[in-house]
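Residue-level structural notes
The lines below spell out each chain.
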Amino acid sequence: MKRKKIVAGNWKMNTTKEEAEKLAASIVQSSQAFQGVEKIVFPPFPFLQAVKTIVNNTANFFVGAQNCNHHDKGAYTGEVSAAMLKSVGCDYVLIGHSERRQYFTEDNIQLLSKTEQALTNNLNVIFCFGEQLNERKNNQHFETVKKQLHGVLNFFPKNKTEQLVLAYEPVWAIGTGETATPAQAQEMHAFIRKTVAEIFSQEITEQISILYGGSCNAQNAPELFSCPDVDGGLIGGASLNADEFCKIIGSFG
Ligand code: PGA
């Protein structure tokens, strides 16, 4: 099986309902030529259902949530469960995004429970990880990424790895305008694939898509996506502009 090529847009805490619907409709329209690429958008919670309605009949186009709670249900005011996400038509959920780890102090125990909730409710998981700037400067980036991968994937059921996508997002590149060079990305993605082979198997690691994230845009995407172990991108800022996002979708050689 060939690995899926994926371009995913993380809208973060942006857009109103009207803007979200407009953005989704423009992306659907302008990305039609790129049938071979799986497209996923991650709108804010309140707009999931509206956006799902817009992309619903489009081939290879999915909707995901930016987070889910680690409990199944109950007295957790303000929180959203994986079952709720599934019930409004979500296909994916982001788990472990660096902003969640940093601002909401999510640790491996929570990330594991979130993953369990996602899988129980038949959602696909995009598991995000990546090193901080000081870790790269001190040459600890491989060690950090290895720990982040083992922390969650050691407990990920081997028979559910078709529901898993990985996203390497160096924290120093997120929203900073600074991107990993294609050489840096390829070096890390090859390391991730090797680490995942150790956790699961060589056969499984060959089938898991590994996305790059961090100031990815229409200019740098073609070179990044041409790296043999980079299977696409998780796009933040540049996913809020339909033209730019669709150029990224069209960046595979
Ligand atoms: P960015 O964000 O593209 O704005 O750097 C990427 C992400 O946080 O997923």
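Note: the structure precedes this text.
To start, this report covers the structure provided alongside it. (Residues numbered from 1 in each chain as written. Predicted model: local features only at pLDDT ≥ 70, side-chain atom pairs only at ≥ 80, totals over all residues. Heavy atoms only, no water.)

Attention shifts here to the packing of aromatic side chains. Under the defined criterion, the tally for this structure stands at 7 aromatic pairs. Their ring planes at 70° and their centres at 6.3 Å tell us that phenylalanine 62 and tyrosine 92 sit as a pair that is edge-to-face. Residue phenylalanine 62 is located in strand β3 (residues 61-65), and its partner tyrosine 92 is located in strand β4 (residues 92-95); the two are separated by 30 residues in the primary sequence. Assessed through its relative accessible area of 1%, tyrosine 92 is described here as buried. Chaining the aromatic ring pairs together yields one cluster made of Phe127, Phe129, Tyr168 and Tyr212. Its end group placed over the ring of phenylalanine 104, arginine 100 keeps NZ or CZ at 4.0 Å from the ring centre. (Phe/Tyr/Trp six-rings, centres within 6.5 Å; stacked < 30°, edge-to-face > 60°. Helix = DSSP H or I, 4+ residues; strand = E, 2+ residues; numbered from the N terminus. Buried < 20%, exposed > 50% of the residue type's maximum accessible area, 1.4 Å probe, protein only. Lys NZ or Arg CZ within 6 Å of the ring centre and 35° of its normal.)

Ile27, Phe127, Leu153, Leu166 and Ile192 are the most contacted members of the largest nonpolar core, which totals 68 residues. Ranked by residues supplied to this core, first place goes to helix α8 (residues 182-199) with 6 residues. Residue contacts for leucine 153: discarding those within four places in its chain leaves Phe127, Leu164, Leu166, Val196, Ile199 and Phe200. (Core = buried A, V, L, I, M, F, W, Y, C linked by side-chain atoms within 4.5 Å. Contact = heavy atoms within 4.5 Å.)

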